[in-house]
Amino acid sequence: MKYWAEGVLALAVTLILGAGLWLFTGEPVGDETTATTAPVVVDTEAAARGEILASETGCLACHTIDGASGVGPTWKGVAGATRPLVSGEQVVADNAYLFNSIVDPPSQVVSGFEPVMPTSFADQLTEDEINDLVEYIKSLS
């Protein structure tokens, strides 16, 4: 009986500490988050299509691919990087972020830039074309 009571007490203390830590951090205990991401994996065929599309649609009039400053953020090295936003938030430029930046540009504007990108390319490009652009951007990392 003594060991059972000690086990219950240990479990209660663990749960209370875990709940307190969760309340303090806002994240579940044991949910590891890191500032680094996995290596960027690129579909080279899609990236080649995306490169052509970027040129044909005028993306490169505002976005550079060599790291130089432009009207919009450079695409060089952006994939997988942490991006500071005008909202004060920071996001990792993963596939979802890159895709969203094309279909809903004003939703996550990069700090230091104005929200001048046309409202959306979702009505001008197919989902496959947007994914090809994302692969091209990833290939520049």
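All values reported here derive from a predicted model rather than from experimental measurement.

Caption draft 1: Inspection of the pattern of salt bridges at higher detail. Counted by the stated rule, this structure contains two salt bridges. Here D132 makes a salt bridge to R49, at a shortest N to O gap of 3.0 Å. Pair noted here: D132 is in helix α4 (residues 127-139) and R49 is in helix α2 (residues 44-57), with a separation of 83 residues, a long-range link. The salt bridge partner of K138 is E135, with a shortest N-O separation of 2.9 Å. With K138 and E135 both in helix α4, this residue pair falls three residues apart, about one helical turn. Note on E135: relative accessible area 12%, which makes it buried.

Caption draft 2: Just the side chain of H63, in detail. The topology assignment puts H63 in the loop between α2 and β1 (82-84). Overall, the relative accessible area of 13% leaves H63 in the buried class. Engagement of the side chain of H63 in a polar contact is seen with the side chain of W75, the distance being 3.3 Å. If sequence neighbours within four positions are ignored, H63 has contacts with G72, P73, W75 and M117.

Conventions and cut-offs
Residues numbered from 1 in each chain as written. Predicted model: local features only at pLDDT ≥ 70, side-chain atom pairs only at ≥ 80, totals over all residues. Heavy atoms only, no water. Salt bridge = Lys/Arg side-chain N within 4 Å of Asp/Glu carboxyl O. Helix = DSSP H or I, 4+ residues; strand = E, 2+ residues; numbered from the N terminus. Buried < 20%, exposed > 50% of the residue type's maximum accessible area, 1.4 Å probe, protein only. Polar contact = N/O pair within 3.5 Å; in protein donor to acceptor, adjacent residues only side chain to side chain. Contact = heavy atoms within 4.5 Å.

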